[in-house]
Amino acid sequence: MWEFTTPRTIVMGEGALEYLKEVEGKRALIVTDKVIRGLGFVEKVAKHLKEAGMDVKVFDDVEPEHSIEIVERGAELAREYGPDWFVALGGGSCIDAAKAIWVLYERPDIRVGEISPLIKLGLRKKAKLISIPTTSGTGSEVSWAVVITNTEEMRKMELASKEVVADISIIDPELPLSMPPKLTADTGIDALANAMEAYVSQWRNEFSDALAIGAIKIIFEYLSRVYKNPEDKEAREKMHYAATMAGLAFSNSQIGVAHALGHSLGAIFKIPHGRTVAVFLPYTIRYNAKEAMDRYATIAGAINIKSETDQQAVDGLIEAVRKLLRELDEPTSVQEMGISWEDYQSKLNDLVERAIASTGTIANPRVPTAEEYRKLFIYAFKGEEVDF
Amino acid sequence: MEKLKFPSEEWIKAFKEEVNRNKAYEEAAKDWEGDFLFIATPDEGLEKEVVFYVDLWHGKCRDAYVVPSRDAKKAEFIYEGPYSNWKKLIMGEIDPIRGLLMRKFKLTGSMMKIMRYTKAASELVKTAQKIPTEFI
Ligand SMILES: [Zn+2]
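No experiment lies behind these values; they were computed from the predicted model shown. (Residues numbered from 1 in each chain as written. Chains lettered and ligands numbered in written order. Predicted model: local features only at pLDDT ≥ 70, side-chain atom pairs only at ≥ 80, totals over all residues. Heavy atoms only, no water.)

Participant: Explanation requested: the sheet that holds strand S2 (residues 27-31) of chain A in the structure shown.
Facilitator: Strand-to-strand pairing in sheets goes through backbone hydrogen bonds, with the strands running parallel or antiparallel. All names here are of chain A. Taking strand neighbours across the sheet as the criterion, the six strands line up as S1-S8-S5-S4-S2-S3 in an open arrangement whose pairing is parallel. For this open sheet the edge positions go to strand S1 (9-12) and strand S3 (55-59), each flanked by a neighbour on one side alone. Each strand of the sheet is rotated relative to its neighbour by a mean of 20 degrees, with strand direction disregarded. For S1 and strand S8 (residues 168-171), the ladder comprises four bridges, and the chain directions are parallel. What sits directly across from Thr 9, in S8, is Ile 168. (Pairing = 2+ DSSP bridges. Helix = DSSP H or I, 4+ residues; strand = E, 2+ residues; numbered from the N terminus. Axes fitted to C-alpha atoms, helices over the stretch in contact; angles between N-to-C directions.)

Participant: Got a minute to help me understand the layout of surface pockets in this structure?
Facilitator: The gaps left among the atoms become clear once a water-sized probe is rolled over them. Estimates place the volume of the second largest pocket at around 450 Å³. Along the wall of the second largest pocket there are 20 residues; nearest its centre are A:Gln202, B:Asp95, B:Thr118, B:Ser122 and B:Lys126. Breaking the lining of the second largest pocket down by element, the ones donating at least two residues are helix H4 (96-101) and helix H6 (118-130) of chain B. Residue contributions to the lining of the second largest pocket peak at seven residues, all from H6(B). Among the residues making up the lining of the second largest pocket, the classes are represented as eight nonpolar, five polar and seven charged. (1 Å grid on protein atoms, 1.4 Å probe; cavity = no way out; pocket = protein on both sides within 12 Å on 5 of 7 lines; lining within 4 Å. Points joined across faces, edges and corners; volume = space filled by probe spheres on them. Nonpolar A, V, L, I, M, F, W, Y, C, P; charged D, E, K, R; others polar.)

Participant: Can you walk me through the interface of chain B and chain A in this structure?
Facilitator: Every contact between the two is made by 14 residues of chain B and, on the other side, 16 residues of chain A. Of all residues in chain B, the largest losses of buried area upon contact with chain A belong to B:Arg98, B:Met102 and B:Arg116, amounting jointly to 40% of the total for that side. Put simply, chain B and chain A have zero salt bridges between them. Linking chain B with chain A are two residue pairs in polar contact (both at pLDDT 80 or more), by the criterion used here. Of all the elements in the fold, those that place two or more residues in the side of chain B that touches chain A are H4, helix H5 (111-115) and H6 of chain B. Looking at the side of chain B that touches chain A, the element that brings in the most residues is H4(B), giving four residues. For the side of chain B that touches chain A, the per-class residue count stands at seven nonpolar, one polar and six charged. (Contact = heavy atoms within 4.5 Å. Buried area = accessible area lost by both parts, 1.4 Å probe. Salt bridge = Lys/Arg side-chain N within 4 Å of Asp/Glu carboxyl O. Polar contact = N/O pair within 3.5 Å; in protein donor to acceptor, adjacent residues only side chain to side chain.)

Participant: What should I look at first to understand the coordination of the zinc ion in this one?
Facilitator: For a metal bound by four donors in tetrahedral geometry, the ideal donor-metal-donor angle is 109.5 degrees, whereas six donors in octahedral geometry ideally sit at 90 or 180 degrees. Residue and element names in this part refer to chain A. At 2.0 to 2.5 Å from the zinc ion lie its protein donor atoms, namely Asp 190 (OD), Asn 194 (OD1), His 259 (NE2) and His 273 (NE2). Between the four donor atoms coordinating the zinc ion, the angles at the centre fall across 78 to 175 degrees, so the site counts as irregular. All donor residues of the zinc ion come from one chain, and their arrangement in sequence is D-x3-N-x64-H-x13-H. Taken together, the positions of Asp 190 in helix H5 (residues 181-200) and His 259 in helix H8 (residues 257-269) put the pair 69 residues apart, joining distant regions of the chain. The class for His 259 is buried, based on a relative accessible area of 2%. (Donors = N, O, S within 2.8 Å, 3.2 Å for Na, K, Ca; no water. Tetrahedral: all angles 85-135°; square planar, octahedral: opposite > 155°, others 65-115°. Buried < 20%, exposed > 50% of the residue type's maximum accessible area, 1.4 Å probe, protein only.)

Participant: Would you mind showing me how to read empty space enclosed by the protein here?
Facilitator: Applying the stated rule across the entire model yields two cavities of 30 Å³ or more. The space that makes up the largest cavity amounts to roughly 370 Å³. Around the largest cavity, the lining is made up of 26 residues, and of these B:Phe36, B:Phe38, B:Pro96, B:Ala121 and B:Leu124 lie nearest the centre. Within the residue set of the lining of the largest cavity, elements represented by two or more residues are helix H1 (9-19), strand S2 (33-41), strand S3 (50-57), helix H3 (83-90), H4 and H6 of chain B. A per-element tally of the lining of the largest cavity places H6(B) first, with five residues. Looking at the lining of the largest cavity residue by residue, the class counts come to 26 nonpolar, no polar and no charged. By residue number, the principal contributor to the lining of the second largest cavity is helix H10 (residues 281-302) of chain A, which donates five residues. Classifying every residue of the lining of the second largest cavity by side-chain character gives five nonpolar, two polar and one charged.

Participant: Would you mind showing me how to read the side chain of B:Asp35 here?
Facilitator: All names here are of chain B. If you trace the backbone, Asp 35 turns up in strand S2. No salt bridge is formed by the buried Asp 35. Its closest oppositely charged neighbour is Lys 73, at 6.2 Å. Here the side chain of Asp 35 touches Tyr 53 through a polar contact of 2.7 Å, side chain to side chain. Polar side-chain contacts of Asp 35 include one of 2.9 Å to the backbone nitrogen of Glu 76. If near-sequence neighbours (up to four positions away) are discounted, Asp 35 is found in contact with Tyr 53, Val 54, Asp 55, Leu 56, Lys 74, Ala 75, Glu 76 and Phe 77. (Lys, Arg positive; Asp, Glu negative; His and termini not counted.)

Participant: I tried to follow the sheet that holds strand S5 (residues 77-82) of chain B on my own but got confused; where do I start?
Facilitator: Residue and element names in this part refer to chain B. Read across the open sheet, the five strands follow the order S4-S3-S2-S5-S6; overall the sheet is mixed. With partners counted over all chains shown, the strands left at the sheet margins are strand S4 (60-67) and strand S6 (106-108), one partner each. Taking each pair of neighbouring strands and ignoring which way they run, the sheet shows an average axis angle of 20 degrees. Relative to S3, S2 is paired through eight bridges, and the arrangement is antiparallel. For Phe 36, the partnering residue across the bridge sits in S3 and is Val 54. Packed onto the sheet, H3 meets S2 and S5 and runs at close to 105 degrees relative to S5.

Participant: I keep staring at the packing of aromatic side chains and nothing clicks. Help me out?
Facilitator: Aromatic ring pairs are reported here in terms of the distance separating the ring centres and the angle at which the planes meet. Within this structure, the stated rule accounts for 29 aromatic pairs over all chains. An angle of 35 degrees between the planes, with centres 5.5 Å apart, marks the rings of B:Trp32 and B:Phe77 as tilted. Of this pair, B:Trp32 sits in the loop between helix H2 (23-28) and S2 while B:Phe77 sits in strand S5, placing them 45 residues apart in sequence. The exposure class of B:Phe77 is buried, given its relative accessible area of 0%. Their ring planes at 25 degrees and their centres at 5.1 Å tell us that B:Phe36 and B:Phe77 sit as a pair that is stacked. Taken together, the residues B:Phe36 in strand S2 and B:Phe77 in strand S5 connect sequence positions 41 residues apart. Over the face of the ring belonging to A:Phe388 we find A:Lys375, whose NZ or CZ atom lies 4.5 Å from the ring centre. If you follow B:Lys113 out to its NZ or CZ, it ends over the ring of B:Trp32, 4.9 Å from the centre. (Phe/Tyr/Trp six-rings, centres within 6.5 Å; stacked < 30°, edge-to-face > 60°. Lys NZ or Arg CZ within 6 Å of the ring centre and 35° of its normal.)

This is the structure:
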């Protein structure tokens, strides 16, 4: 037995935001950040909600690496205000913060770190969640994941619960149009990593497979196009959908070791999520192929890589990932990120330790030992071909 | 080899011996420190709750035996579920971690700590599969 959890409604396409006018409720708390506010999106969303007859308040203190304290502050505001809707507006960090604030609002008795699939939260007694992504990457708008930074321990807490999956997700292609190219690339390659890891995970299923493959095809076709031409509306729209599809895929399958390595690297060196995860893909595909060769060959086939054997297909896929990263001006090795070998080496134990503890390790097709994680970190730093 | 009844004292003793022969488990759990109560709650022919105490330490099983009740022995972790789910777990139909996510089993103790040793957990299940088992 397994389950596939999605929002009850996914609204997509031009004008999707207007769906908000039809939502029934009394008080909405918009959870967002100052950048999104500056772009004028908050006003637009608030206007629609008011047209629906709702009172609206805004919490815009979310930061890219939002901490437990920010979540607690948001929950305090929510308790004073008493919303029956949370409206998460922004990138993955805004949506994840909204999920955590919602949990603390409904369950003042639990702490952020306790959010887990193993406990019953009993949400939706007071409020529900609408998610509106402004980037095309994390898939948080439809996922069960909540990533919160524990600033004291410099650790990314990878929390999850099926209960935090949004009720309504609005995938409006107008919103990501405002993304600068670098953010487009960083978030787009996260979607690629999400989909690829979902497809090879031990927890994959037919439903997640279909969405993962669908997302991968779109990403290879449209991501570099939108990176080169940010105004390309068709490519924007496709990428916005692909990110959500990848989110549905990994949220109902599981992320893998590229995320384990990436979260670890990102927590220590403060580098954007997508970049830290995708840089490891060429190495983790090679590493995983020992157990999941046929799966990668299927991905290769889906993006029209010609090959006679599965081995050739995997080689072609790794090359295609590298090529895409280069087209996006993304690093293909850790040293290209401006980290010195001395610094990296001194933190290697810590990096390995964190990767082992990551939820990306659990259902990966091949479960790395500490020694293998160490080697993956080293090979990916130097840009060496994985041979173990 | 004669089939051993699950759950029974003979079965858990055989499990201990098999764990201590499993090199893959030893490697995956070489830093593990922590003991368990494995509890099968009554259903499908199991009339009374059965509690195993299993002490796992640095890749080895130091001790394993049946205890009279869940209050008779303290352990860092409790992994419990109905007898029918234990049967499925041993037969490889339920994965030990996925079983927790689907609430087929319940864990008391730090999930974070368990998550770091999922390979060890699946090796424990593989070990259980090596024992010729007769179910109720
Ligand atoms: Zn990701």
